[in-house]
Amino acid sequence: MKCTSIGWLKTNGKRCMFFKRYVWNLEGSEWVPTLVILRLNRAALCVEWSPKENKFAVGSGAKTVCICYYEQENNWWVSKLIRKRHDSSVTSVSWHPDNILLATTSTDGKCRVFSTFIKGVDAKDSKKGTSSDSKFGELIVQLDLSSSWTFGVKWSPSGNTLAYVGHNSMIYFVDDVGPSPLAQNVVFRDLPLHDVLFASERNVIGVGFDCNPMVFAADERGIWSFVRYLGERKAVSSGSRYGSQFSEAFGKFYGQSKHGVSNDAVETSRTRGTVHENCINCIMPLGDHGTLVRRFSTSGLDGRIVVWDLENEQDLLEL
């Protein structure tokens, strides 16, 4: 059975959940499984624990999201389902810092925000802001910004900004999530992203099919833009990017048609992936980071897990 996602608790690191439908507890030196009642007839695709770690969300290929919580009397984790809201598979989930709102992305091209308030599990004083009058499964907002599959949704540390990516080489930033959200997008000329991480309130790192983390930042006006790749000191100018891309593409086609040269024999304008050699499909913060992430890890289809330290990137610390 393929393991598609793992979620670790942050406070003690003693439990994790992975898709054999169990929550595993480390008791002494032994891992003890606790059954999870997911009620799914399709594959589970993604998982994330809530900030208070009393719930976790599971996105699935059944077009549903399971919100799981612990029932002590039965010693198992049960789930409530958010149904009939997605038109295709749920690719990622992300909890708002208030422990109530949940953002999702899907291959139907939409990003949605739901209320997950469960009576008896969530305290009433935690129902704040846009979730104050909402019931479980209520759709707070639906964002139709992308014309392609969407992935990698994340909230900023304050919960004021939502970021997610599309398979059309675009990243979307949404402020004031609610009835009248403020949205902007950044278009880039490289391969699509697959996941994102807020390193700070105004700094986002995206990873994906280009095999190299990309840094985005917001200026004083709140306008987001691409800064550079990690491992590169500055972004390539717009004109040179167009020229290099055209030259690279032309060189490949000309070489193949005239001389039968393979793609591997043609040098590219920029070496893709200084560390990773295939798609990066996951990025996770490391340590007790609070609102600032200084170290994070990435994993990719090349089988590598890489730890990155932003303390070595002084210009990014100043963003």
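Conventions and cut-offs
- Residues numbered from 1 in each chain as written.
- Predicted model: local features only at pLDDT ≥ 70, side-chain atom pairs only at ≥ 80, totals over all residues.
- Heavy atoms only, no water.
- Pairing = 2+ DSSP bridges.
- Helix = DSSP H or I, 4+ residues; strand = E, 2+ residues; numbered from the N terminus.
- Axes fitted to C-alpha atoms, helices over the stretch in contact; angles between N-to-C directions.
- Core = buried A, V, L, I, M, F, W, Y, C linked by side-chain atoms within 4.5 Å.
- Buried < 20%, exposed > 50% of the residue type's maximum accessible area, 1.4 Å probe, protein only.
- Contact = heavy atoms within 4.5 Å.
- Phe/Tyr/Trp six-rings, centres within 6.5 Å; stacked < 30°, edge-to-face > 60°.
- Lys NZ or Arg CZ within 6 Å of the ring centre and 35° of its normal.
- Salt bridge = Lys/Arg side-chain N within 4 Å of Asp/Glu carboxyl O.

> What's the story with the sheet that holds strand β11 (residues 111–115) in this structure? I'm lost.
The pairing of strands in a sheet comes from backbone hydrogen bonds and takes either a parallel or an antiparallel form. In space, the four strands of this open sheet follow the order β9-β10-β11-β12, with antiparallel pairing throughout. Among the strands making up the open sheet, the edge pair consists of β9 (90–95) and β12 (139–143). The average angle at which neighbouring strand axes cross in this sheet is 20 degrees, direction not considered. As defined by bridge partners, strand β10 (residues 101–106) adjoins β11 across five bridges and the pair is classed as antiparallel. The residue bridging Thr104 from the neighbouring strand is Arg112, located in β11.

> Honestly, the nonpolar core in this entry has me stumped. Any pointers?
One recurring pattern in soluble globular proteins: nonpolar side chains tend to sit buried together. The biggest cluster of nonpolar side chains holds 16 residues, and the ones touching the most others in it are Ile171, Phe173, Leu193, Val204, Phe216 and Trp224. At the level of secondary structure, the elements contributing two or more residues to this core comprise β14 (161–166), β15 (170–175), β17 (193–200), β19 (214–218) and β20 (224–229). With residues near it in sequence (within four places) discarded, Leu193 still touches Phe151, Val165, Gly166, Ile171, Phe188, Gly206, Val207, Gly208, Met214 and Phe216. Residues Cys111, Val141, Val153 and Trp155 belong to the second largest nonpolar core, which totals 15 residues.

> I'm lost on the packing of aromatic side chains in this one. Help?
Two numbers describe a pair of aromatic rings. These are the distance of the centres and the angle of the planes. Here the structure, examined in full by the defined rule, presents 13 aromatic pairs. For the ring pair Trp49 and Trp77, a centre distance of 5.4 Å and an interplane angle of 80 degrees mean the geometry is edge-to-face. Of the two residues, Trp49 sits in strand β5 (residues 44–49) while Trp77 sits in strand β8 (residues 76–82), which places them 28 residues apart along the sequence. This pair shows no difference in class: Trp49 is buried, exactly as Trp77 is. In this structure an aromatic cluster arises from ring pairing among Trp49, Phe56, Tyr70 and Trp77. Lys80 extends its terminal NZ or CZ atom over the ring of Phe136, reaching a point 4.6 Å from the ring centre.

> How do you make sense of the environment of Phe226 when you look at a structure like this?
On the secondary structure map, Phe226 appears in strand β20. Residue Phe226 is classed as partly exposed on the basis of its relative accessible area of 26%. As a C-alpha pair, Phe226 and Val215 span eleven residues in sequence and 6.2 Å in three-dimensional space.

> Would you mind going over the sheet that holds strand β13 (residues 150–155) with me for this structure?
Taken together, four strands build an open sheet; the order of strands is β13-β14-β15-β16 and the sheet is antiparallel. Edge strands, defined here as strands with exactly one partner in the open sheet, are β13 and β16 (182–187). The mean angle between the axes of side-by-side strands here comes to 20 degrees, regardless of whether they run parallel or antiparallel.

> I tried to follow the pairing of strand β4 (residues 30–35) on my own but got confused; where do I start?
Where a strand is regular, its side chains alternate between the two sheet faces. Note that strand β3 (residues 22–27) and β4 share six bridges and pair antiparallel. Pairing of Asn25 across the sheet is with Val32, part of β4.

> Please explain the pattern of salt bridges as it appears in this structure.
Enumeration according to the criterion identifies six salt bridges in this entry. Across the pair Lys55 and Asp122 runs a salt bridge whose closest N-O atoms are separated by 2.9 Å. Here Lys55, found in strand β6 (residues 55–60), pairs with Asp122, found in the loop between β11 and β12; they are 67 residues apart in sequence, far enough to count as distant. The exposure classification of Lys55 matches that of Asp122, with both residues buried.

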